[in-house]
Amino acid sequence: MKNQNRRQFLQTGAFTLMGMSLMGRKAFAAPTKTNFAPVRFGVISDPHLDIKGKNGMKMSAASVNCVRQAVKGLNQETGLSFVVVTGDLLLDGEKQNAEAIKELLDSLTVPYFVIAGNHDFVPANPAKHRDGFDYLTIEEFVKFFDGKGYDGSGNRYWAHSVVPGLRVIGLDANLPLEQKKWGGVLPQEQLNWLDKQLTDHKDEMNIVFMHHNVIPWSSDELKGGAKQWFCADNADAVRAVLEKHAEAAPLMITGHRHIGMRVSELAGVNYMVAPSANTHPMRYSVLTVSPEAVTWKTPMIGVPESVHIEARNNLLAATWWRETQYAERSATSDAEVLEFYEKNSQRIGTKVL
């Protein structure tokens with residue numbers, strides 16, 4: 001693996017490296033039994049808003065305007081039905097940042113749903129607490145965004161019908177008491193709940209959202225890799241539930257990884273990761289789903305070119321975010337890093353479900 005470059009990893013397949021076989025996977029999920037007209041929706045992922053931030057790999061000083069411009073862009077889309085924010089709304093659980101982003105999101109002209117990311121609650125490590133901020137626990141975050149997916153029950157997960165035949169489900173794999181990592185585990189309670197939801201609504205299409213990924217997008221995300229915690233620890237258990245109900249849940253959308261949009265199908269389930277609004281390439285997503293297919297585009301956030309250039313340069317300078325085999329900077333490795341993070345070949349696309 002040490003000598004295997006990223007292209008070889010993609011050609012070999014993450015799942016082969018994990019000892020998984022794709023031989024028996026379905027080419028297509030069966031159409032849903034309850035038909036519905038195409039539904040158009042938006043996704044904002046990993047905005048990491050910070051009202052007192054400085055720009056780095058995460059463009060904190062620009063983060064307020066990034067969210068503002070993402071909202072503006074989505075409000076200009078025709079026929080949009082809803083927006084989902086797939087976690088990491090805040091830099092690190094700050095109440096004042098939650099107030100600021102909620103005010104911006106409330107200016108969306110369509111309903112929006114929120115799921116928590118691993119940066120949306122008070123850091124377990126006190127060293128990350130900053131003067132001048134109050135902090136939200138995960139329970140307080142859920143209460144703060146009550147009615148935006150969360151249903152008043154106090155549960156960190158939710159499900160809603162969008163139109164007859166189409167439902168959205170939000171999951172939470174966060175570990176709010178864990179100091180040493182930013183990974184996740186989807187609790188058995190939620191696995192059981194998800195299984196029941198998909199059993200009870202097998203005649204509808206269910207789009208599942210979660211902050212953490214359940215498939216790796218690079219070799220660094222495999223078990224033991226430098227970035228293994230971009231995937232939930234029990235990703236295999238989550239995939240097992242989804243694969244069991246692939247006809248009812250053919251699409252899962254995640255964030256967390258801060259890379260350009262891409263999609264990968266496994267056993268009839270299509271896994272999509274949405275780009276961050278806060279780090280290069282600084283995009284939001286617009287998708288249209290029907291019983292037969294999903295199409296998407298990922299426009300760049302409408303901030304000045306100078307901000308995009310700064311974000312690009314900050315990414316290239318951020319050693320940790322580079323894949324292991326491209327840790328040393330050179331023209332060649334910089335080009336590989338940009339190709340991985342931008343993934344321009346999948347900025348727009350369509351996939352049969």
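Counting starts from 1 at the beginning of each chain's written sequence and moves along it residue by residue. Totals for whole chains, interfaces and linings use all residues, but because this is a predicted model, local features are given only for residues with pLDDT of at least 70 and pairs of side-chain atoms are given and counted only at 80 or more. Side-chain numbers here rest on the full set of heavy atoms in the structure, without hydrogens or water.

Here the focus is the packing of aromatic side chains. Ring pairs are drawn from Phe, Tyr and Trp, using the six-membered ring of Trp, whenever the two centres fall within 6.5 Å, and their geometry is named by plane angle: stacked under 30 degrees, edge-to-face over 60, tilted for the rest. For the coordinates displayed, the defined rule picks out 15 aromatic pairs. Both rings, one in Phe141 and one in Phe145, keep their centres 4.9 Å apart while their planes meet at 50 degrees; by these two values the pair is tilted. Per residue, the accessibility class of Phe141 equals that of Phe145, and both read buried. On the basis of an interplanar angle of 75 degrees and a centroid distance of 5.1 Å, the ring pair of Phe144 and Phe145 is categorised as edge-to-face. By way of ring pairs, the aromatic residues Phe41, Phe82, Phe113, Trp158 and Phe209 are connected into one cluster. To sort residues, take the accessible area from a 1.4 Å probe on protein chains only and compare it with the maximum for the residue type: under 20% means buried, over 50% means exposed, and anything in between is partly exposed.

Here we come to the confidence of the model for the protein. pLDDT expresses, on a scale from 0 to 100, how confident the predictor is about each individual residue. Within the protein, residue pLDDT values average 92, and 91% of them lie at 70 or more. Contacts: residue pairs with any heavy atoms within 4.5 Å of one another. Scored below 50 in pLDDT, residues 1-32 shows 65 contacts in the model against residues more than four places distant or in partner chains.

Here a strand pair is declared whenever DSSP counts at least two bridges between the two strands. Numbered from the N terminus, helices here are DSSP runs of H or I no shorter than four residues, and strands are runs of E no shorter than two. With mixed pairing, six strands are arranged side by side in an open sheet as β4-β5-β6-β7-β9-β8. The two strands at the open ends of the sheet, each matched to only one other strand, are β4 (158-163) and β8 (262-266). Looking at each pair of strands side by side, their axes are set apart by 20 degrees on average, direction ignored. Of the strand pairs in this sheet, strand β6 (residues 205-210) and strand β7 (residues 251-254) are connected by four bridges, and their pairing is parallel. By the bridge assignment for β7, Met210 is matched with Thr254. Angles shown run from 0 to 180 degrees and are taken between the N-to-C directions of axes, each axis being a line fitted to C-alpha atoms and, for helices, limited to the stretch in contact. Where helix α7 (residues 235-244) meets the sheet, its contacts fall on β6, β7, β8 and β9 (269-273), and the angle it forms with β9 comes to roughly 130 degrees.

It is worth spelling out the pattern of salt bridges at this point. Basic side-chain nitrogens of Lys or Arg form a salt bridge, by our definition, when they fall within 4 Å of a carboxyl oxygen of Asp or Glu. Per the stated rule, a full pass over the model turns up 16 salt bridges. Between Arg40 and Glu77 there is a salt bridge whose closest N-O contact spans 2.6 Å. Taken as a pair, Arg40 in strand β1 (residues 39-44) and Glu77 in the loop between α3 (63-75) and β2 (80-86) lie far apart in primary sequence, 37 residues in all. Glu77 gets classed as buried once you look at its relative accessible area, which sits at 16%. With a shortest N-O distance of 2.7 Å, Lys351 and Glu265 are connected by a salt bridge. Of this pair, Lys351 sits in strand β12 (residues 348-352) while Glu265 sits in strand β8; the two residues are 86 residues apart in sequence, bridging distant segments of the chain. Connected through salt bridges with shared partners, the residues Arg40, Glu77 and Lys297 form a single ionic network.

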